[in-house]
Amino acid sequence: MSAAKISVEKLSLWYGAAQGLKDVSVEIEEHTITAIIGPSGCGKSSFLRTLNRMNDHVPGARISGRVLLDGDDIYARGQDPARLRKRVGMVFQRPNPFPMTIYQNIAYGPRVHGQRSEARLREIVEQSLRRAALWDEVRDKLQKSAFELSGGQQQRLCIARALAVEPEVLLMDEPASALDPVATAKIEELTVSLKENYTMVVVTHNMQQAGRISDRTAFFLSGELIEFGPTRDIFTRPQDRRTEDYVTGRFG
Amino acid sequence: MAFRRGLARYRLTQLLPILLWVGVLGGIGPPKGPPDLGRLMASVLTALTAVAVSAALGVAAGGALAFSPGGWRWRGPLSMSAALPSVVVGATLLRWLGDACGLSPGIGLVAAGLALLCLPQTVLLAQESFSRCQTTGEAAQALGARPGQAAAAVYGFVRREVAGILLGVAGRALGEAALVVLLAQGLLERGRLALQAGTTLASTLWYLEITGRVRDARTFWPAALLLLLSAVAAGVAAVVAGARQEGRLR
């Protein structure tokens, strides 16, 4: 069993008066893929965004409880969200390349974090694109606009962009939901290949996808964590009736 | 789903201007009496001013809505309702402008119509564009960029999106102004049908261009080409009208 990379302790989240998460406690192990499943509005994405404090940008959002990254509370006074997000990267549902060249998209993060050497930036760009399995497709058009890539390529570019700042954890919010099956397969393959070096948390609506790529699965319902355990157990021997109903397609 | 809803709304707002155009122009018809180059130029300037004002109002309203508290989510219905007062104010101002320039009520009305037609779409498009700017800013912050650094990434988007909207609006204005001028100068005396067809074409091109522009930055140059073609059309219309006024063309 690996060590816990992220420990979430009695985490609750409110948007104004509405409660988005209720007393969630979970431990995410290092170098694993954790899938977050559940029906729409159950708090999957809200939970994901608490792990790198992206909810800080939402007006009226507040939390109670603790989120520990390697034992340090990321919400403790004095913690810098920008530095946290360097360690905990994020890939969004829709590909969102910057209005820049492919090269500049990847180099953006390292530059923001102070990397000025063009030679080093070139290395980072190539390395990140290789890790994201995109290098062979774009090596001759690094100076072209990122918008010239297909949707699937754009999403892999966004993954490469996230990897370029060398995060320890990668959060993915339905990364393949806007893509066709071929592009989805590439993203899944890539996600599994990244597990060796990163701790991954993936929100997905697609239960087959969760079954294919994840080691552990968390099932959320109405802001509550209903069940969390090895993916095989969640899909074959769920302990909670609500989990069983969801994974067997009785609701959601 | 949000995208489909947005697209449906664009189509609706696209249909409305065409119907309004038909109504406005059908009600006015070509003016009686000899053509007048001064009136021609004033009508073109008024039409362009109308569109510039409506575009500016639209971009401002769209931006304000997109950046308003809680504006992270799609707020189409709100932007439409917010656009209406701006439309009324803009149209009234432009009507006054037309009167002040000594234009016939018909031309003033056409100018007001131009503003009326462009504004709601511009609001929606600007809001969509600014929402994309927010998404980009959020992506930058997710990489560890501080707000000021994220703004640098977003700036490119703002510049491109606003430029795209203004290009599209200007292209449409010039193209439609050319058609209005042709009608106003009596050069298309039997051409009301042609005018309507032309307007529909221009509107459709504008629609395709702008919605494409918002979704995909690759259509930037086609927008510029559309603008150029529209400018050429407006220029030809002005030259033809001038020649006709001087009796060199019947």
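Before reading further, recall that the structure is shown in the block above.
Summary of the structure given here. What you see as residue numbers is a count from 1 along each chain, following the sequence as written. Note on labels: chains are lettered from A, ligands numbered from 1, in written order. Two thresholds apply to this predicted model, a pLDDT of at least 70 for residue-level local features and 80 or more for giving and counting side-chain atom pairs, whereas whole-chain, interface and lining totals are computed over all residues. Hydrogen atoms and water are omitted, and side-chain values are computed over all heavy atoms in the structure.

Side note on the packing of helix α3 (residues 102–112) of chain A against helix α6 (residues 151–163) of chain A
Residues and elements named next belong to chain A. α6 packs onto α3 with a crossing angle of 35 degrees between their chain directions and a minimal axis gap of 7 Å. For α3 against α6, the interelement crossing comes out right-handed. Between α3 and α6, the contacting residues are Ile102, Asn105 and Ile106 on the first element and Leu157, Ala160 and Arg161 on the second. Under the convention adopted here, Pro, Cys and the residues Ala, Val, Leu, Ile, Met, Phe, Trp and Tyr are nonpolar, Asp, Glu, Lys and Arg are charged, and Gly plus all remaining residues are polar. Of the residues that constitute the contact of α3 with α6, the class distribution is four nonpolar, one polar and one charged. To obtain an axis, a line is fitted to C-alpha atoms, over the contacting stretch when the element is a helix, and the angle between two such axes runs from 0 to 180 degrees between their N-to-C directions. Starting at the N terminus, helices and strands are each numbered in turn, a helix being any DSSP run of H or I of at least four residues and a strand any DSSP run of E of at least two. Working rule for handedness: look at the near helix, and if it is turned counterclockwise from the far one by less than a right angle, call the crossing left-handed; if clockwise, right-handed. Working rule for contacts: check all heavy atoms of both residues, and any pair within 4.5 Å makes them a contact.

Section: the sheet that holds strand β3 (residues 33–37) of chain A
Residues and elements named next belong to chain A. Any two strands with at least two DSSP bridges between them are considered paired. Here six strands make up an open sheet; going across it, the order is β6-β7-β8-β3-β9-β10 and the pairing mixed. The sheet is open, and its two edges are formed by β6 (88–91) and β10 (224–230), each paired on a single side. On average, adjacent strands in this sheet sit at an angle of 15 degrees to one another, irrespective of strand direction. Sheet topology note: the β3/strand β8 (residues 199–203) ladder contains four bridges and is parallel. Within β8, the position partnered with Ile36 by the bridge is Val203. Along the sheet, α6 makes contact with β6 and β7 (169–173), crossing β6 at roughly 170 degrees. Contacts from helix α7 (residues 181–194) reach β3, β7 and β8, with the element oriented near 150 degrees to β8.

Some points on the packing of aromatic side chains
All names here are of chain A. Only centres within 6.5 Å qualify two rings of Phe, Tyr or Trp (six-membered ring in Trp) as a pair; their planes then separate them into stacked at under 30 degrees, edge-to-face at over 60, and tilted for everything else. By the definition in use, this model includes three aromatic pairs over all chains. When the ring of Phe47 is compared with that of Phe220, the centres are 5.2 Å apart and the planes differ by 40 degrees; the resulting orientation is tilted. Of this pair, Phe47 sits in helix α1 (residues 44–50) while Phe220 sits in strand β9 (residues 216–221), and the two are 173 residues apart along the sequence. Partly exposed residues are those whose accessible area sits between 20% and 50% of the maximum for their type, while under 20% is buried and over 50% is exposed, using a 1.4 Å probe and protein chains only. We classify Phe47 as buried; its relative accessible area is 1%. The exposure class assigned to Phe220 is buried, which follows from its relative accessible area of 1%. Over the ring of Phe98 we find Arg161; its NZ or CZ atom is 4.0 Å from the centre of that ring. Counting as a charge over the ring demands two things of the Lys NZ or Arg CZ atom: a distance within 6 Å of the ring centre and an angle within 35 degrees of the ring normal.

Topic: α3 of chain A
Residue and element names in this part refer to chain A. Of all the 11 residues making up α3, nine are buried; the element is thus mostly covered by neighbouring parts of the structure. Those residues of α3 not exposed but buried are Ile102, Tyr103, Asn105, Ile106, Ala107, Tyr108, Gly109, Pro110 and Val112. Looking one or two residues past α3, Gly114 carries a phi angle of roughly 100 degrees, positive in sign.

Considering the interface of chain B and chain A
Contact with chain B, which involves 23 residues of that partner, is made by 26 residues of chain A. Defined here as a combined quantity, buried area equals the accessible surface (1.4 Å probe) lost by two parts on assembly, summed across both. Of the roughly 2000 Å² buried at the junction of chain B and chain A (both faces included), carbon and sulfur atoms supply 63%. In terms of surface lost to chain A, no three residues of chain B exceed Glu138, Ala142 and Leu143 of chain B, which account for 30% of the buried area on that side. The rule for a salt bridge is simple: a side-chain nitrogen of Lys or Arg has to be within 4 Å of a carboxyl oxygen of Asp or Glu. Our count for the contact surface shared by chain B and chain A stands at two salt bridges. Residues Asp80 of chain A and Arg146 of chain B are paired through a salt bridge, measuring 2.6 Å at the closest nitrogen-oxygen approach. Polar contacts, as counted here, are pairs of nitrogen or oxygen atoms within 3.5 Å of one another; within protein the pair requires one atom able to donate a hydrogen and one able to accept it, and residues that are adjacent in sequence qualify only if both atoms are side-chain atoms. Counting across the chain B and chain A interface gives three residue pairs in polar contact (both at pLDDT 80 or more). Those elements that provide at least two residues to the side of chain B that touches chain A are α4 (105–142) and α5 (147–184) of chain B. Of all the elements, α4 of chain B adds the most residues to the side of chain B that touches chain A, at eight residues.

Points about α7 of chain A
All names here are of chain A. Take the residue count of a helix, subtract one, and multiply by 1.5 Å to get its expected span. Helix length check: α7 (14 residues) gives 20 Å between terminal C-alpha atoms against 20 Å at 1.5 Å per residue, within 8%. Residues Ala183, Thr184, Ile187, Glu188, Leu190, Thr191 and Leu194 constitute the buried set of α7. Summarising the axial view, the buried residues of α7 lie within an arc of 165 degrees, below the 170-degree limit, and thus occupy one face. In α7, those exposed residues whose orientation departs by more than 90 degrees from the buried face are Pro181, Val182 and Glu189. The N-cap of α7, judged by a side-chain oxygen 2.9 Å from the amide nitrogen of Val182 a few residues on, is Asp180. The arc refers to the directions leading from the helix axis to the C-beta atoms.

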